[in-house]
Structures are given as structure tokens and as C-alpha cells.
Amino acid sequence: MSNPDNTFSVDKAEESSGFLLWQVTNLWQREIRKALEPFDLTHSQFVLLASIHWLSLHEKAVTQIVLSSHTKIDPMTTSTVLRTLESKQLIQRQEHQTDTRAKTVALTQTGKEIVKQAVVAVENFDRAFFAKLGEKTKTFNEELLTLLENKTQPEN
């Protein structure tokens, strides 16, 4: 039965990629919040802490701009979250060695201890959450990267 007010291009909600992605993202984020509760971290705080740790392990100078680019979190939000992490004494900022306009960001000892535990919890959760994909996990990740590449290409 067709309804003249129907503006949708799909017959069932489950045929909408965006709607499905929204539902999965909400489910995943809700569960990630639970996994991060014992560490008193929001998901954004965790992503920035984990990224500082990751980039430091890969011998990168970590600045706010580098973090924003790496995480795809906008610079203003990155700055706000970093201030919170600094007030929690999980990170410290200091003058960049070569760029006087920039500050480098580093984990404090407490920040390093917390992020190491939180990464284990998040990775364990992710393994369990995405286990349903089985051997398709690698392809799924490649498809997500394809979507990210399309987003980061300059518009004409």
C-alpha cells in the first residue's frame, strides 16, 4: 500500500545505510561508555588519551593540531577536552621545541597508567562487539576507511 506522503526511497528502515549506522553507533557508544566508567573517562577523553599514547609510541611530536587531525575531532573540541584532561592531571602541556606557537601534549604518569588499563578494556569490548563479523572484520574496517577517505577529500 503506497502512501502519497511517503518521501522515503526505501521500503523498510533496515534498507537505510545511514539509519543502520546511526543505530549501531548508538549501541556501540552506549557500551563504550560503560566500559570507560571505571576510569572516569568520557569517550572523547579516552580517544585523545589513547591517541597521545599511540602517537608518542610512534615517536611523533604530539600537538593539539596533530591530535585533532589524527582523531578527526574538531580543534575547538580537542582543546576543550585537553583542558579537562589537564585539570584531571592526566596530561601536561609544554612549549614546542621548534614551533613557539604550539604546545606539545604528553601523558602524565597517572595518565599513562589509566590509559593503558582503559585501552585493554576498550579493546576487549571491541573484540566482543565486532566478533559477530568474524572473518568479515577486515573487510568491514576497509569499508569504514573508504568512507573516511571520501570525507577527507577536498570538495570541488
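From a predicted model like this one, the values you see are computed outputs, not experimental measurements. Think of each chain on its own: its residues are numbered from 1, step by step along the sequence as written. Residue-level local features of this predicted model are given only where pLDDT is at least 70; pairs of side-chain atoms are given and counted only at 80 or more, and the full residue set underlies all totals for whole chains, interfaces and linings. Neither water nor hydrogens contribute to the side-chain values; these are computed over all heavy atoms in the structure.

Enquirer: Teacher, can you tell me more about the overall build of the protein chain here?
Expert: Helix numbers and strand numbers start at the N terminus; a helix is a DSSP run of H or I with at least 4 residues, a strand a run of E with at least 2. Looking only at helices and strands, the protein chain features six helices and two strands. When the elements of the protein chain are put in sequence order from the N terminus, they spell out α-α-α-α-β-β-α-α. Here's how the labels work: a residue is buried when its accessible area is under 20% of the maximum for its type, exposed when over 50%, partly exposed in between, all with a 1.4 Å probe on protein chains only. Scored against the burial criterion, the 156 residues of the protein chain give a buried share of 26%. Here a residue-residue contact requires only that any non-hydrogen atoms of the pair lie within 4.5 Å. Within the protein chain, contacts between residues at least 6 apart in sequence are counted, and of these 50% link residues at least 24 apart. Computed with a 1.4 Å probe, the accessible areas rest on the Shrake-Rupley method; for each residue, only the protein chains presented here act as cover. Carbon and sulfur atoms make up 54% of the accessible area of the protein chain, which amounts to about 11,700 Å² in all.

Enquirer: Looking at this model, I keep getting lost on the pattern of salt bridges. Mind explaining?
Expert: If the charged atoms of two oppositely charged side chains come close together, the side chains can form a pair. Put simply, a salt bridge is a Lys or Arg side-chain nitrogen that is within 4 Å of an Asp or Glu carboxyl oxygen. The full count for this structure, using the stated rule, is four salt bridges. Salt-bridge contacts for E31 lead to K34; the nearest nitrogen and oxygen are separated by 3.3 Å. Residue E31 and its partner K34 are both found in helix α1 (residues 17-36); the two are separated by three residues, about one turn of the helix. Classification of K34 as partly exposed rests on a relative accessible area of 47%. Residue E86 pairs with R93 through a salt bridge whose shortest N-O separation is 3.2 Å.

Enquirer: What should I look at first to understand helix α3 (residues 64-71) in this one?
Expert: Structural remark: α-helix, 3.6 residues per turn; residues separated by three or four positions point the same way. Of the positions making up α3, those classed as buried are L67, S68 and T71. The buried residues of α3 occupy one face: seen down the axis, they fall within an arc of 100°. K72, located one to two residues past α3, shows a positive phi value of around 65°. The arc in question is formed by the directions pointing from the helix axis toward the C-beta atoms.

Enquirer: Quick question: what am I supposed to make of unusual backbone geometry here?
Expert: Only a minority of non-glycine residues have a phi that is not negative, and only a minority of peptide bonds are not trans. Phi at K72 is positive, roughly 65°, even though this residue is not glycine. With respect to the helices and strands, K72 occurs in the loop between α3 and α4 (75-87). The residue Q89 is not glycine, and still its phi comes out positive at about 60°. Inspection of the secondary structure puts Q89 in the loop between α4 and β1 (91-95).

Enquirer: Honestly, the packing of helix α2 (residues 43-57) against α4 in this entry has me stumped. Any pointers?
Expert: Any two packed helices are characterised by how steeply their axes cross, that is the angle between the axes, and by the distance between the axes. Lines fitted to the C-alpha atoms define the axes, with helices restricted to the stretch that makes contact. Angles between their N-to-C directions range from 0 to 180 degrees. Orientation of α2 relative to α4, taken along the N-to-C sense of each, is 85°, at an axis distance of 10 Å. If you check the angle between α2 and α4, you find them roughly perpendicular. Residues S44, Q45, L48, L49 and I52 of α2 touch α4, and the partners they reach there are T78, V81, L82, T84 and L85. Any residue that is not Ala, Val, Leu, Ile, Met, Phe, Trp, Tyr, Cys, Pro, Asp, Glu, Lys or Arg is counted as polar, Gly included; the first ten are nonpolar and the last four charged. For the contact of α2 with α4, the per-class residue count stands at six nonpolar, four polar and no charged. For classification, angles of less than 35 degrees are called roughly parallel, those exceeding 145 degrees roughly antiparallel, those between 65 and 115 degrees roughly perpendicular, and all remaining angles oblique.

Enquirer: Which parts of the structure should I look at to understand the nonpolar core?
Expert: In globular proteins that are soluble, nonpolar side chains generally tend to be buried together. Residues grouped as a nonpolar core are buried Ala, Val, Leu, Ile, Met, Phe, Trp, Tyr and Cys residues, joined through side-chain atoms within 4.5 Å. Membership of the largest hydrophobic core comes to 26 residues, with the highest contact counts inside it found for L41, L49, I52, L67, L82, L85 and I91. Within the residue set of this core, elements represented by two or more residues are α1, α2, α4, β2 (103-107) and α5 (109-130). At six residues, α2 tops the list of elements feeding residues into this core. Discounting chain neighbours no more than four positions away, the residues touching L41 are L36, F46, L49, L85, K88, L90, I114 and A118.

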